[in-house]
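Listed below are the residues making up each chain.
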Amino acid sequence: MKILVTGGLGFIGSHTVVELQNVGFDVVIIDDLSNSSVEVIDGITTITNKKPLFEKLDLKIKSEVKDFFNRHNDIAGVIHFAASKAVGESVNDPLKYYENNINALIYVLQELTKLNKKNFIFSSSCTVYGQADELPITENAHVKPAESPYGNTKQIGEEIIRDTCRANGDVNAIALRYFNPIGAHPTAEIGELPVGVPQNLVPYITQTAIGIREKLSVFGGDYATRDGTCIRDYIHVVDLAKAHVVALQRLIGSKNDSNFEFFNLGTGTGSSVLEAIQSFEKVSGKKLKYQIEDRREGDVISAYAETSKANNILGWKTELTLDDAMASAWKWEQKIRNK
Ligand code: UD1
């Protein structure tokens with residue numbers, strides 16, 4: 001069965017392509033290479049012994065999307081990762097984010113509705129919950145007004161998909177709300193490749209440990225948490241990738257309860273920034289230089305998932321730990337810097 005993975009050379013996309021190929025799917029990747037590299041294909045091929053098809057394509061160009069689907073009308077499912085994801089950049093350039101994340105989604109959905117098999121998985125985020133009133137966060141928690149244009153594109157994206165499913169009973173979609181994806185493939189053949197100064201915690205930690213950054217700034221040490229730093233649910237990217245395969249198989253096997261479903265993807269356990277640092281220090285054997293500094297604007301204090309819906313209905317749960325994720329991120333950082 002042929003599966004389209006948009007953004008399939010990105011961090012989560014590439015790990016998902018590996019898991020899809022591992023269970024026998026044929027994958028065609030679309031990526032515009034705006035935040036990824038063609039070399040990722042080599043990493044995927046080394047791990048799986050199978051080279052995925054790849055087309056460089058800009059999903060914002062409607063005619064190109066149409067042309068692609070005309071040539072691939074035998075697609076059995078679409079996993080849509082392609083999107084911009086830098087929160088700060090989205091605040092400065094909201095129109096870029098709306099054009100990139102929303103137009104592309106609409107064009108892909110328009111073509112999906114013409115296929116024989118209309119199965120769609122959407123890359124959403126726990127950012128839709130904002131600072132939830134109750135922890136752990138269940139899927140019933142209210143969607144809060146978005147803190148950033150990036151977050152808003154995830155909320156609007158889910159609404160567009162919900163309306164599309166309502167109007168087209170034969171379209172089946174699942175939105176996966178990720179908590180904090182980290183880590184890399186255990187082979188260190190693929191991993192995260194942040195452009196410029198990393199905004200996210202784990203690549204900042206590994207770049208500091210390897211000497212590219214002087215020290216890690218811990219954003220805020222006076223939150224009302226067990227050690228004063230923010231709490232997040234860090235999920236290993238390989239566990240996350242596997243959830244996409246399970247969700248896709250649910251749609252392909254018509255096991256879904258309704259034609260639009262959404263699931264939290266997290267471990268269920270919250271870790272503070274200091275606990276994440278301790279985990280890194282333990283598995284790497286390196287002391288990390290860090291300093292507690294001012295809070296970062298827009299950060300929620302605490303977010304971790306209630307996972308029983310994904311565990312019971314999707315039939316998926318995480319298998320890897322924070323230590324596993326830190327060890328793989330460190331192995332990856334060392335590999336790319338020694339190239
Ligand atoms: C961020 C986005 C979220 C998005 C996700 C995608 C914000 C507010 N949220 O999540 O919408 O879906 O990335 O990957 O940007 N930290 C430090 N020092 C650093 C970097 C981070 O202390 O140099 C702390 C943060 O304050 C936070 C934790 O580490 O408590 C995790 O931060 P990060 O990796 O940026 O993820 P989120 O902010 O949770």
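Scroll up to find the structure.
First, a word on scope: everything that follows refers to the structure included in this document. Keep in mind the model is a prediction, meaning the values are calculated, not measured.

### Here we look at the environment of Ile30
Then, in step 1: Mapped onto the elements of the fold, Ile30 is located in strand E2 (residues 26-31).
Then, in step 2: Residues Ile30 and Phe54, 24 residues apart in the sequence, show an inter-C-alpha distance of 6.0 Å.
Then, in step 3: Ignoring anything within four residues of it in the chain, the contact list for Ile30 reads Leu4, Val5, Thr6, Gly7, Gly8, Glu55, Leu57, Leu59 and Phe68.

### A short note on the site of the ligand
Then, in step 1: Taken together, 20 residues are adjacent to the ligand, and Leu201, Ser217, Arg232, Arg296 and Asp299 come closest.
Then, in step 2: Backbone polar atom of Gln199 to an oxygen atom of the ligand: 3.4 Å apart, as the coordinates give it.
Then, in step 3: One of the backbone N or O atoms of Ser217 is found 2.7 Å from a nitrogen atom in the ligand.
Then, in step 4: Starting from 730 Å² of accessible surface for the ligand in isolation, the protein chains cover 86%.
Then, in step 5: Where the shell around the ligand is concerned, the elements lending two or more residues are helix H7 (201-210) and strand E8 (216-219).
Then, in step 6: If you tally residues by element for the shell around the ligand, the top one is E8, at four residues.
Then, in step 7: Counted by class, the shell around the ligand contains ten nonpolar, seven polar and three charged residues.

### A look at the environment of Thr229
Then, in step 1: Position of Thr229 among the secondary structure elements: in the loop between E8 and strand E9 (231-232).
Then, in step 2: Residues Thr229 and Asn259, 30 residues apart in the sequence, show an inter-C-alpha distance of 39 Å.
Then, in step 3: Setting aside anything within four residues of it in sequence, one finds Thr229 in contact with Val218, Gly220, Gly221, Tyr223, Ser272, Val273, Leu274 and Ile292.
Then, in step 4: Side-chain polar atoms of Thr229 contact the side chain of Asp227, separated by 2.7 Å.

The rules behind the values
- Residues numbered from 1 in each chain as written.
- Predicted model: local features only at pLDDT ≥ 70, side-chain atom pairs only at ≥ 80, totals over all residues.
- Heavy atoms only, no water.
- Helix = DSSP H or I, 4+ residues; strand = E, 2+ residues; numbered from the N terminus.
- Contact = heavy atoms within 4.5 Å.
- Near = heavy atom within 4 Å.
- Polar contact = N/O pair within 3.5 Å; in protein donor to acceptor, adjacent residues only side chain to side chain.
- Areas by Shrake-Rupley, 256 points an atom, 1.4 Å probe, with all protein chains shown as cover.
- Nonpolar A, V, L, I, M, F, W, Y, C, P; charged D, E, K, R; others polar.

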